[in-house]
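Letter by letter, the chains look like this.
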Amino acid sequence: MDDEWPDTGIVRNSVRCGRCGDEIESEHKHDFKMCSCGAVGVDGGKSYLRRIGRGWIDTSIVEPVTTRYPGKTGY
Ligand SMILES: [Zn+2]
């Protein structure tokens, strides 16, 4: 809990490299992954979407937070 960010709605934090075709996913906040050719990377897990490099295709899934709290429109 300590330094976790508030609910971001991030379900999956991943990109596909346009060069080597690898799909990489950051599963935790400090889980930094790079593709096999080293062109792109992801970081941030469920806390934030961080992309390194160029030529990636976003394959992540982010839910609008409001859809996960039916009946609420905000905080
Ligand atoms: Zn690559």
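Further up the page is the structure itself.
No experiment lies behind these values; they were computed from the predicted model shown.

A. The sheet that holds strand β4 (residues 33-34), seen in detail. Pairing in this open sheet of three strands is antiparallel, and the strands run β4-β5-β6 from one edge to the other. Two strands close off the open sheet at either side, each with one partner strand: β4 and β6 (50-53). As judged from the two bridges shared by β4 and strand β5 (residues 40-43), these two strands associate in the antiparallel manner. Among the inter-strand pairings, Lys33 is bridged to a residue of β5, identified as Val42.

B. Seen up close, the sheet that holds strand β3 (residues 23-25). A sheet is described by the order of its strands in space; here three strands give the open sequence β3-β2-β7, paired in antiparallel fashion. Whereas interior strands pair on both sides, the edge strands pair on one side only; in this sheet they are β3 and β7 (56-58). On average, each strand axis in the sheet is inclined to that of its neighbour by 30 degrees, with strand direction left out of account. In the sheet, strand β2 (residues 14-17) pairs with β7 via three bridges, with the strands oriented antiparallel. Looking at β7, one finds that Arg16 is bridged to Ile57.

C. Representation of the pairing of β5 within the structure. Side chains Val40 and Val42 project from β5 onto a buried face, and the interleaved Gly41 and Asp43 project onto a face without burial. In sequence, β4 turns back onto β5 through a hairpin of five residues, with Gly38 there showing a positive phi of about 80 degrees. Pairing between β5 and β6: four bridges, direction antiparallel. The partner of Asp43 across the bridge, within β6, is Arg50.

The rules behind the values
- Starting from 1, residues in each chain are numbered consecutively following that chain's sequence as written.
- Thresholds applied to this predicted model are a pLDDT of at least 70 for local features of residues and 80 or more for the giving and counting of side-chain atom pairs; totals over whole chains, interfaces and linings are not thresholded and use all residues.
- If DSSP finds at least two bridges between two strands, the strands pair.
- Counting from the N terminus, the helices are DSSP H or I runs at least four residues long and the strands are E runs at least two residues long.
- Axis definition: a line fitted to C-alpha atoms, limited for helices to the stretch in contact. Angles are taken between N-to-C directions and run from 0 to 180 degrees.
- Put plainly, a residue is buried at 20 or more neighbouring C-beta atoms within 10 Å of its own, exposed at 12 or fewer, and partly exposed in between, counting only other residues' C-beta atoms, which are placed from the backbone.

In short, the description is geometric, and any link to function would need to be established separately.
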